[in-house]
Amino acid sequence: MRRSLIQILLFLAIVPAARSQEFTFSRLSVTDGLSSNFIYSVWQDRKGFLWIGTENGLQRYDGSKFVQFYDHNRSDNLPASPINQIMGDNNGNMWIRMGKKTGIFNPLTLSYREAPIISKDKLPVRSEASIWKNNEGRFFVVVQRHSCLPYNEKLHRFEEGPLPFRLPPDWKPNYLHQDSRNGNYWIGTDSGLVMYDIKARTWFTGTNAGDQHPELKAFAAHRNVSSICIDNKGRTWISFWSYDPGEKGGARIVYYDPSQKKTHDFSAREFSKNKGYTEVHRIRSLNNSTVWTYGLNLLAMEDSANNSLMSITDPFQTEYGIRFKYINDIFEDNEKVLWVATDNGLYATSAEPDKSHHIILSPYKEEANITSLMETREGKLWLGTWGRGIVSTEDSIEVKNIYKAHPANDDFKMVWDLHQHSRTGYIWITCQSGKLVRYDPRRKMSDMLQLPVFNNRTVRQVAEDKEGNLWFGTQGGEIVQYGAGKSLHPDSFRLKDKLSSIINRLYFDKQGQLWVATHGEGLLVYDPGSGKRVAHYSDSGKQSNMFQENVISDIVELNDSVMAIGSGNLNLLNKKTGHIETITLYEGLPSYNITSLQTDGFGHLWISTKDGLFKYNPRKSVFTRYDQRDGLITTANSETLLNNSLLRKNGQVAFAGNQQAVLFDPAFFISKLAPKDVTITDFKLFNRYLPPDSILRLDKIRLKHEQNSISILFASLSYKQRGKLIYYYMLEGADKNWIRDDGGLIANYSLLPPGNYTFKVRCENEEGTPSSNMTQLNILIRPPFYGTWWFMVLIAIVIAGLTYLIHRLRINRILAVEKVRRRVARDLHDDMGSTLSTINILSEMARMKIDTDTKASRDYIEKISDNSSRMMEAMDDIVWSINPMNDNMQRITARMREFAATVLEPKGIEYSFHVDEKVMDLVLDMEARRDFFLVFKEAINNLAKYSMAKQAVIDIRISHGKLHMNIKDDGIGFETESADSGNGLTNMKKRSEMMKGLLRIISGKNEGTLVQLEVPLT
């Protein structure tokens, strides 16, 4: 019997004999980041990343985003081709097939190396190739109806070589399977099924199997075997193509059950989505031992209860079904999430069945909306609908009795609320236009009522107080009480209050108070005993902005002291203090406009909104979203909006609205285990992705100073918990406190200064359970050379040196000034003082002799005149030497020329004065300049006074880094050994020594005199 697995289908007159297993699918497509909706393969690596083979290449998925790794600038880049198959080896490498091209991709280095398929014979054009790995980890390429080629590790290619099995002659392989129990090889070929026994080292087929291999005998007639699977029960499954005419032809699936010693044979077309042309591509046993088969127009799983298969279809094209033409791959990840690769995107569902159940009103009947939910005393679920009356998947025969003899008035099938009286068991049904139905399950009879107290207004709500009285609320704002045990006479229904707005909800708390949620007057509280209003909460009261326009959609008691109130926002009212805590979008409410509220047995509050279904944990103040990825309903539009809810006796929670409902056990949605540790999924440097696996292998990421803008992407690689974890991160060295992620799963840092940083990230689930370990990433941003310690030390040394140099220069300048002052003082004292003393003595002697010895007095006056002249010259020399304008050699040589002319020309001595051009560029300091000039002056004076020369030669030049001055005359000369040096020669030697120079005087009697002065320039 063919059965659908997508959802429970609810029909008014049909009760399914048993509820089938459900699968609620969520879909990923190009709008979610896939590069193509044509998906061929899915594989998960050791870290937990999913790798997706698509029509447009390879992508990696971390639960939040898809990333492609193609770098066309690399010679070892992965080719941008469709990825048809992905397999992993023991080293973490990915073996990839692109059509008939194969290769190895290293996810750490993002490098690809082709492993070509080499065959002596040309490969058939229409034959497909596939990569296969045996139990020992060896890789092979199977070319359909051609050959099996092992991988040659030395030559890095697939080629003919020794195989771990043998085939009968001329049997061509299609598919390989190795039995995990004994290592035997099962080969599907064009001629049938072959089993190779590794111990016996021989092959068996249906013709030579004997009684030892009954499955081979059972499959002996089947040719063109395309897939093989041996499940954990020891059953052997195969698919093959039959060329028999009629129903026996086409793709077929057969399995042999050794426990029954029986073969079960099916036509694949029977389980296709449209019973049309069907191909079986694979049969696969998942980790939970369930056998699946898939291919063209086919997705089915085994129905072990009926020894058959069950088709996975979506007859009503719901938002949480699966749509496809081709199923290319099925993969079960490490969290038991089932990933289905199709030509319409990538689908995911839980491999664990029965987490939730869906009810859908058939769209082929009259239009109807689910308006209310009720559980009978027997635990049956009834649904009140606006348009079809009462329907039930669990009690359909009973609900038929309600309308056996009802008036020909559709108002009684326009149901708004349901309630079963706790004492009498009567079921009260509120309807359109002031009508009621009271159904007696014991008599199977209904009373159809229309009471004047309701004023023909829709009766929207019914609730029961502790005394068994029933309370009704209407569209027109009437609050009506019906006394327990009274007759159905109109007088038994009494008007207790008349409001001016719609009554959306009546609710009795554990203390017995009646809470009335209205559409415009806020929230009212009544004492059911007196019927008096005891409290009124609205925006016009003390607390404003609580209820959007005073519209209350639902109310439920969260615990003994807190009422949860649904409006535009979520309001938590403390009944003891009267304080209302309003939770808005700013305080974490994930969506505006609450449509229904319900508590569960674990203290959680379930909230339905226009953006979906959420769970609120009041202990942690955390909201968690649930949708079709979790087996529930994604609110995509008004057709999937859930307006009412119910807490069942078995702890199940039900939400319903429009034409569908979902029932689930909230215990399934409590995170009992710590979430997986956070993984650094990507590292971006200036918006450029760096290979994350290679980076994370480093003890520290080292960046240059200009590489200071980074983005770190992270995620806990849990696809079940994606969107339900709370992440916290911080960058030590930049952040002072932990930062809660806003959902982007990315931390951006710009213009980071150089230094050491540690990025830390952790996560926790909605129960507050943190991940076991904190994920860390060490980062070093190197400073520029001018920011390094050694450069700073060098700069400090340079600054200290410059400071010391400036200080020394200042001191030297002070000392130089002091030295000049001392020299000037000494010269003035030595020259001027002695000369003035001499003049003073001579003046006194001349004065004394003026009357007695006129000639002597005249001589004294001449001497005074001579000393005065010499004193003036000395004074002139001192002033000239300290004048900075005379620092250059041009001024010095000009003064030397002037002095030589002044002294030599009056004596009639002819002279030549030669100065080398290099000398003109020379700069001497004040001391050297003065000493050099005074040596010259003393030599010229001696030449004029004592040489009796007729000619003289003065030569000044630079040679070999020295300043040379030669003064030569043709005078009478003198014996240098016996000559009295006198003060003049002594001063010349002292001054040459002060210049660190060398003074030589070469002379002989009647041979003239040569004065040589050498002054080093460095």
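Just so it is clear, the structure is predicted and the values come from calculations on it, not from any experiment. (Residues numbered from 1 in each chain as written. Predicted model: local features only at pLDDT ≥ 70, side-chain atom pairs only at ≥ 80, totals over all residues. Heavy atoms only, no water.)

Engineer: Quick rundown of the overall build of the chain? Include the residues and the values.
Structural biologist: Helix and strand counts for the chain come out as nine helices and 70 strands. The C-alpha radius of gyration of the chain comes to 55 Å, more than 25% above the 31 Å expected for a compact globule of 1018 residues. For the chain, the spread of C-alpha atoms along the three principal axes comes to 180 × 95 × 35 Å. The proportion of buried residues among the 1018 residues of the chain is 54%. (Helix = DSSP H or I, 4+ residues; strand = E, 2+ residues; numbered from the N terminus. Rg over C-alpha atoms; globule rule 2.2 N^0.38 Å. Buried < 20%, exposed > 50% of the residue type's maximum accessible area, 1.4 Å probe, protein only.)

Engineer: Requested: an account of the UniProt feature "transmembrane region" (unreviewed entry) in the chain, with residues and values cited.
Structural biologist: UniProt marks residues 786–806 with the feature "transmembrane region" (unreviewed entry), using the numbering shown here. Structurally, residues 786–806 is divided into 86% helix and 0% strand, and its ends, taken at the C-alpha atoms, are 24 Å apart. (UniProt positions renumbered as here; feature names shortened; annotations may be inferred.)

Engineer: Describe the packing of aromatic side chains, listing the residues and the values that go with them.
Structural biologist: Across all of its chains, the model carries 43 aromatic pairs by this definition. Residues tryptophan 95 and phenylalanine 139 carry aromatic rings whose centres are separated by 4.0 Å and whose planes lie at 10 degrees to one another, so their mutual orientation is stacked. Placement of tryptophan 95 in strand β8 (residues 94–98) and of phenylalanine 139 in strand β12 (residues 139–143) is noted, with a sequence separation of 44 residues between them. The residues tryptophan 95 and phenylalanine 139 share a single accessibility class, namely buried. An aromatic cluster is defined as three or more aromatic residues linked by ring pairs; in this entry it consists of Trp428, Phe454, Phe472, Tyr482 and Phe493. The positively charged end of lysine 413 is found above the aromatic ring belonging to tyrosine 403, 5.4 Å away from the centroid. Looking at arginine 762, its charged tip hangs above the ring of tryptophan 738, at a distance of 4.6 Å from the centre. (Phe/Tyr/Trp six-rings, centres within 6.5 Å; stacked < 30°, edge-to-face > 60°. Lys NZ or Arg CZ within 6 Å of the ring centre and 35° of its normal.)

Engineer: Could you give an account of the pairing of strand β31 (residues 369–375), with specific residues and numbers?
Structural biologist: With six of seven residues buried, β31 is to be regarded as a mostly interior element. By the bridge criterion, six bridges tie β31 to strand β32 (residues 381–386) in an arrangement that is antiparallel. Across the sheet, the residue bridging to serine 372 is glycine 384, located in β32. Once β31 ends, the chain turns through five residues before running back antiparallel as β32, passing glycine 379 with a positive phi of about 85 degrees. (Pairing = 2+ DSSP bridges.)

Engineer: Now, about the sheet that holds strand β28 (residues 337–342): what can you tell me, with residues and values included?
Structural biologist: Here we have four strands laid out as an open sheet, ordered β2-β29-β28-β27, and antiparallel in their pairing. Only two strands of the sheet have a single partner each, and these edge strands are β2 (26–28) and β27 (327–332). Going from strand to strand, the sheet's axes swing by 20 degrees on average, the running direction of each strand aside. Here β2 pairs with strand β29 (residues 345–350) via three bridges, running antiparallel. Each bridged residue has a counterpart across the sheet, and for arginine 27 the counterpart in β29 is tyrosine 347. (Axes fitted to C-alpha atoms, helices over the stretch in contact; angles between N-to-C directions.)

Engineer: So what's going on with the pattern of salt bridges? Residues and values would help.
Structural biologist: Counted under the stated rule, the structure contains 32 salt bridges. Measuring nitrogen to oxygen at the nearest pair gives 2.8 Å for the salt bridge that ties lysine 575 to glutamate 557. With lysine 575 in the loop between β48 (570–574) and β49 (580–583) and glutamate 557 in strand β46 (residues 554–557), the pair connects residues that are 18 residues apart, well separated along the chain. For glutamate 557, a relative accessible area of 7% puts it in the buried group. One continuous salt-bridge network, built from bridges that share partners, spans Arg60, Asp62, Lys65 and Asp682. (Salt bridge = Lys/Arg side-chain N within 4 Å of Asp/Glu carboxyl O.)

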